[in-house]
Amino acid sequence: MPCFSFTESKNSCFRSNFVRAGLRSTFTDLKDGGTTMHCWVPKSPNPSKPNLLLLHGLGVNAMWQFADLIRPVTPHFNVYVPDLLFFGESTTANPDRSESFQAECVMRVMEAQSVRTFSLVGLSYGGFVGYRLAAQYPEAVERVVICSAAVCMEEKDLREGVFRVSDLDEAASILIPQTPSKLRELVKYTFFRPPPLGIVPSCLLRDFIETMFSDFVQERKELILAIPKNRKLSDLPKISQPTLIIWGEHDHLFPLEYAHKLKMHLGENAQLAVVKRAGHAISAEKSKEFNKHIMSFLIDFKRSQTSPSANHQNKLADIKLLNVI
């Protein structure tokens, strides 16, 4: 391990950004014999603000994935950012690797924080978990944003060659890279215009892997293997909440057809935003456009919850915000 870690240094910067945004780090023991959830929560929740839950994907940690979204959302929402199980500092002794179990654990964290209702944003794997949260707890979840999460996929899609990588073990080796070459492959799959990792020294890539992908490798692999298991579109519940689907036009991990399938599955309850010239990692590759879609959708709902007198003030403030992000 090098004396100086560039990745750890970036981690510290992102952690400071979360703290400056008014969040604090918490741990919740779910008292089920071995599950502890870490979550960033507001230092001083404002009862007049709506609540927003941000659910990360399989890649780098939540602080990296939501670094650009924290600044726009914290003035308008009480924001909660958990580490899903086997990411960051959330762990469990329970052998269940399903999205439903992840959703249940997240819900118990929100209950521990006395949060009764909230909207959510789920990135990739976080979108699978977020969809289950909306289905399992419809009375708690108000609005849903699903980003690049192929919740409409079926187990048979793997056999039929819909995905570029149909072998789940090979997919796991890319999604949980353990070598610089696999990390380069991951970036190639997730970006429309990948950053030039070919010129980055392998020692820096190994440092990144050591910080981001060295813990819970087997458990994360089990999470990936559990996603398509026995999955059928006919079994997928239709969530009732207003839903925004955001997708990269050139997503090589989950093809764009899954966005259209989800839109068709949900009908008029959902709207679809396709981000041009973007891949799977839209929050990193097209952060400004990504943030605008989310803020517009959530502010719409927030505005509808305010009184007519407050509505005009909120509208002016929100237009100003959308002009700068």
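Note that the structure is predicted; figures quoted are calculated from it, not measured.

**Q** Sorry, what's going on with helix H5 (residues 125-136) here?
**A** The α-helix advances 3.6 residues per turn, and as a result positions three or four apart in sequence lie on the same side. Across its 12 residues, H5 extends 17 Å between first and last C-alpha, which sits within 8% of the 16 Å expected from 1.5 Å per residue. Judged by how many residues are buried, H5 sits mostly within the fold: nine of 12 residues are covered. Turning to H5, its buried residues number three or more, namely Tyr 125, Gly 126, Gly 127, Phe 128, Val 129, Gly 130, Tyr 131, Leu 133 and Ala 134. If you follow the buried residues of H5, they end up packed against strand E3 (51-55), helix H4 (99-112), strand E5 (118-123), strand E6 (141-147), helix H10 (217-226) and helix H11 (257-266).

**Q** Would you mind going over the packing of aromatic side chains with me for this structure?
**A** Two measures describe an aromatic ring pair: the distance that separates the ring centres and the angle between the ring planes. Across all of its chains, the model carries eight aromatic pairs by this definition. Both rings, one in Trp 64 and one in Phe 208, keep their centres 5.5 Å apart while their planes meet at 75 degrees; by these two values the pair is edge-to-face. In this pair, Trp 64 sits in helix H2 (residues 62-65) while Phe 208 sits in helix H9 (residues 202-212), placing the two residues 144 residues apart along the sequence. Among the aromatic residues, those joined into a ring-pair cluster are Phe 14, Trp 64, Phe 208 and Phe 213. Lying across the ring of Phe 297, Arg 143 places its NZ or CZ 4.3 Å from the centre.

**Q** It is not clear to me how the nonpolar core should be interpreted in this structure. Could you clarify?
**A** The nonpolar side chains of a soluble globular protein tend to be buried with one another. Counting residues in each nonpolar core, the largest one holds 103 residues, and the members touching the most others are Val 81 and Leu 133. The element best represented in this core is H4, accounting for seven residues. Excluding its chain neighbours within four sequence positions, the residues that come into contact with Val 81 are Phe 18, Leu 23, Cys 39, Trp 40, Leu 54, Ala 62, Phe 66 and Ile 70.

**Q** Before we go on, may I ask you to explain the UniProt feature "domain: AB hydrolase-1" (unreviewed entry) in the protein in this structure?
**A** In this numbering, the UniProt entry assigns the feature "domain: AB hydrolase-1" (unreviewed entry) to residues 52-290. Between the C-alpha atoms that bound residues 52-290 there is a distance of 16 Å. The span itself is 42% helix and 14% strand.

**Q** Teacher, can you tell me more about the side chain of Thr 7 here?
**A** Assignment of secondary structure puts Thr 7 in helix H1 (residues 6-20). Assessed through its relative accessible area of 1%, Thr 7 is described here as buried. The residues touching Thr 7, leaving out its near neighbours within four places in the chain, are Trp 64, Asp 207, Phe 208, Thr 211 and Met 212.

**Q** Help me understand a negative patch on the surface, please; the structure alone is not making it clear to me.
**A** On the surface, Asp 29, Asp 32, Asp 96 and Glu 104 cluster together into a patch of negative charge. Topologically, Asp 96 is positioned in the loop between strand E4 (78-82) and H4. Residue Asp 96 is classed as partly exposed on the basis of its relative accessible area, which comes to 33%.

**Q** What am I meant to see in H9 here?
**A** Those residues of H9 not exposed but buried are Leu 205, Asp 207, Phe 208, Ile 209, Thr 211 and Met 212. Buried residues belonging to H9 abut H1, H2, helix H8 (180-190) and H10.

**Q** What is the right way to read the pairing of E6 from this model?
**A** Each regular strand carries side chains that alternate between the two faces of the sheet. With six of seven residues buried, E6 is to be regarded as a mostly interior element. The pairing of E5 with E6 spans five bridges and is classified as parallel. Within E6, the position partnered with Leu 123 by the bridge is Cys 147. You can see the chain leave E5, run along H5 and come back into E6, and the turn it takes is right-handed. Relative to strand E7 (residues 243-248), E6 runs parallel, the two sharing four bridges. When the bridges of E7 are listed, Val 144 appears paired with Thr 243.

**Q** How should I be thinking about the packing of helix H7 (residues 168-175) against H10 in this particular structure?
**A** To characterise two packed helices, one gives the angle between the axes of the helices and the distance between these axes. The N-to-C vectors of H7 and H10 enclose an angle of 130 degrees; their axes lie 10 Å apart at closest approach. With respect to their mutual orientation, H7 and H10 come out oblique. Classified by chirality, the crossing of H10 by H7 is right-handed. Residue-level contacts link Leu 168, Asp 169, Ala 172 and Leu 175 of H7 to Lys 221, Ile 224 and Leu 225 of H10. Classifying every residue of the contact of H7 with H10 gives five nonpolar, no polar and two charged.

**Q** I'm lost on the environment of Glu 285 in this one. Help?
**A** Looking at the element boundaries, Glu 285 is found in helix H12 (residues 282-285). For the pair Glu 285 and Asn 269, spaced 16 residues apart in sequence, the C-alpha separation works out to 27 Å. The residues contacting Glu 285, other than those within four sequence positions of it, are Thr 190, Phe 191, Phe 192, Arg 193, Ala 278 and Gly 279.

**Q** Sorry if this is basic, but what is going on with the sheet that holds E3 here?
**A** One key point about sheets: their strands pair by backbone hydrogen bonds, in either a parallel or an antiparallel sense. Here eight strands make up an open sheet; going across it, the order is E1-E2-E4-E3-E5-E6-E7-E8 and the pairing mixed. Of all the strands in the sheet, just strand E1 (23-29) and strand E8 (270-275) have a single pairing partner and so form its edges. Pairs of neighbouring strands in the sheet enclose a mean axial angle of 20 degrees, with direction left out of account. Contacting E3, E5 and E6, H5 runs over the sheet at an angle of about 150 degrees to E5.

Calculation criteria
- Here the residue index of a chain counts from 1 through its sequence in written order.
- Restriction of local features to residues with pLDDT of at least 70 applies here, the model being predicted, together with a cutoff of 80 or more for giving and counting side-chain atom pairs; totals for whole chains, interfaces and linings are based on all residues.
- Side-chain measures here rest on the full set of heavy atoms in the structure, leaving out hydrogens and waters.
- The helix count covers DSSP runs of H or I at least four residues long, the strand count covers runs of E at least two residues long, and both are numbered beginning at the N terminus.
- Helix span, expected: 1.5 Å multiplied by one less than the number of residues in the helix.
- Residue burial is assigned from relative accessible area. The probe radius is 1.4 Å, only protein chains are included, and a residue is buried under 20% of its type maximum, exposed over 50%, and partly exposed in between.
- Throughout, a residue-residue contact means that at least one pair of heavy atoms, one from each residue, lies within 4.5 Å.
- Centres within 6.5 Å make a pair out of two Phe, Tyr or Trp rings, where for Trp the six-membered ring is used; the pair is then stacked when the planes are under 30 degrees apart, edge-to-face when over 60, and tilted otherwise.
- Should the NZ of a Lys or the CZ of an Arg lie within 6 Å of a ring centre and within 35 degrees of the ring normal, that charge is described as sitting over the ring.
- We define a nonpolar core as any set of buried Ala, Val, Leu, Ile, Met, Phe, Trp, Tyr and Cys residues linked to one another through side-chain atoms lying within 4.5 Å.
- UniProt positions are given in the numbering used here, feature names are shortened, and annotations may be inferred rather than shown by experiment.
- In this scheme, patches are assembled from residues that exceed 30% relative accessible area and form no salt bridge. Like charges are connected within 9 Å, while nonpolar side chains (Val, Leu, Ile, Met, Phe, Trp, Tyr) are connected within 5 Å.
- To be clear on the numbers: accessible area is Shrake-Rupley with a 1.4 Å probe, and residue cover counts the displayed protein chains and nothing else.
- We define a salt bridge as a contact between a side-chain nitrogen of Lys or Arg and a carboxyl oxygen of Asp or Glu at a distance within 4 Å.
- Counted as positive: Lys and Arg. Counted as negative: Asp and Glu, with His and the chain ends omitted from the count.
- All charge positions are set by atom: Lys at NZ, Arg at CZ, Asp at CG, Glu at CD.
- Only when DSSP finds a minimum of two bridges between them are two strands counted as paired.
- The handedness of a crossover follows from its direction of travel: if, with the strands pointing away from the viewer, the path from the first strand over the helix to the second runs clockwise, the crossover is right-handed.
- Only the stretch in contact is used when a helix axis is fitted, and all axes are lines through C-alpha atoms; the angle between N-to-C directions ranges over 0 to 180 degrees.
- Comment on the angle field: the value is read as roughly parallel under 35 degrees, roughly antiparallel over 145, roughly perpendicular from 65 to 115, and oblique elsewhere.
- Definitions for this section: a left-handed crossing has its near helix turned counterclockwise from the far helix by less than a right angle. A right-handed crossing has that turn clockwise.
- We call Asp, Glu, Lys and Arg charged. Ala, Val, Leu, Ile, Met, Phe, Trp, Tyr, Cys and Pro are nonpolar, and the rest, Gly among them, are polar.

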